[in-house]
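So the chains spell out like this:
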Amino acid sequence: MRRFTTPTLTITVEGVDLTAQEVMVTFQQRSRTLTVEQPTMALVDGDTVISVPLTQLQTGGFAEGSAEVQVNWLDGNGHRDATTIGAIQVERNLLDEVVEDD
């Protein structure tokens, strides 16, 4: 992910159908935490494919370097589960600011 851009990150949770669950995707880097609730999800061959769109402001809040990502979910019975923690790379941007559409 590059700072101050608007990427849609794709995360695949293998072997689990989360499409009917309450899902949260959390990104963390040092003291900065961002949680996106109820992202877009699709079931593909028994795996849940999660699409997480981020804004310029959200990506700009992270520093260049490594960040962690994890998916948590809560089913209808109140049971909570989570994936292992993964890593993503945050890349710098020479235009280090939010650009508004005129």
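Conventions and cut-offs
Residues numbered from 1 in each chain as written. Predicted model: local features only at pLDDT ≥ 70, side-chain atom pairs only at ≥ 80, totals over all residues. Heavy atoms only, no water. Helix = DSSP H or I, 4+ residues; strand = E, 2+ residues; numbered from the N terminus. Contact = heavy atoms within 4.5 Å. Phe/Tyr/Trp six-rings, centres within 6.5 Å; stacked < 30°, edge-to-face > 60°. Lys NZ or Arg CZ within 6 Å of the ring centre and 35° of its normal. Pairing = 2+ DSSP bridges. Buried < 20%, exposed > 50% of the residue type's maximum accessible area, 1.4 Å probe, protein only. Core = buried A, V, L, I, M, F, W, Y, C linked by side-chain atoms within 4.5 Å. Salt bridge = Lys/Arg side-chain N within 4 Å of Asp/Glu carboxyl O.

## As for the environment of His-79
Summarising the element assignment, His-79 is placed in the loop between strand 6 (65-74) and strand 7 (80-82). Separated by 77 residues in the primary sequence, His-79 and Arg-2 place their C-alpha atoms 34 Å from one another. Leave out the neighbours within four places in its chain, and His-79 touches Trp-73 and Leu-74.

## Focus on the packing of aromatic side chains
Counted under the stated rule, the structure contains zero aromatic pairs. Seen from the ring of Phe-62, Arg-32 lies directly overhead, with NZ or CZ sitting 5.0 Å from the centre.

## Remarks on the pairing of strand 3 (residues 32-37)
Sheet topology places strand 2 (residues 22-29) next to strand 3; six bridges connect them, and they run antiparallel. The partner of Phe-27 across the bridge, within strand 3, is Leu-34. Remark: two residues form the turn of the hairpin made by strand 2 and strand 3, two consecutive strands paired antiparallel; Arg-30 in that turn has positive phi of roughly 55°.

## Here we look at the pairing of strand 5 (residues 47-53)
Residues of strand 5 alternate between two faces, with Thr-48, Ile-50 and Val-52 buried on one and Asp-47, Val-49, Ser-51 and Pro-53 left unburied on the opposite face. Alignment of strand 1 (residues 8-13) against strand 5, held across six bridges, turns out to be antiparallel. By the bridge assignment for strand 5, Leu-9 is matched with Val-52. What sits between strand 4 (residues 40-44) and strand 5 in their antiparallel hairpin is a turn of two residues, with Asp-45 showing a positive phi close to 55°.

## A word on the nonpolar core
Grouped together as the largest cluster of nonpolar side chains are 20 residues, with contacts concentrated most on Leu-18, Val-25, Phe-27, Ile-50, Val-52, Leu-54 and Val-71. Elements with a contribution of two residues or more to this core: strand 1, strand 2, strand 3, strand 5 and strand 6. When residues in this core are grouped by element, the largest group, four residues, is from strand 6. Setting aside its immediate chain neighbours within four residues, Val-25 contacts Ile-11, Leu-34, Thr-35, Val-36, Pro-39, Ile-50, Val-52, Val-69, Gln-70 and Val-71.

## Details of the pattern of salt bridges
For the structure shown, the criterion picks out two salt bridges. Here Arg-3 and Asp-96 are joined by a salt bridge, their closest N and O atoms 2.5 Å apart. With a gap of 93 residues between them, Arg-3 in the segment before strand 1 and Asp-96 in the segment after strand 8 (86-90) connect regions that are remote in the sequence. Residue classification places Arg-3 among the buried positions, given a relative accessible area of 14%. Residue classification places Asp-96 among the partly exposed residues on the basis of a relative accessible area of 43%.

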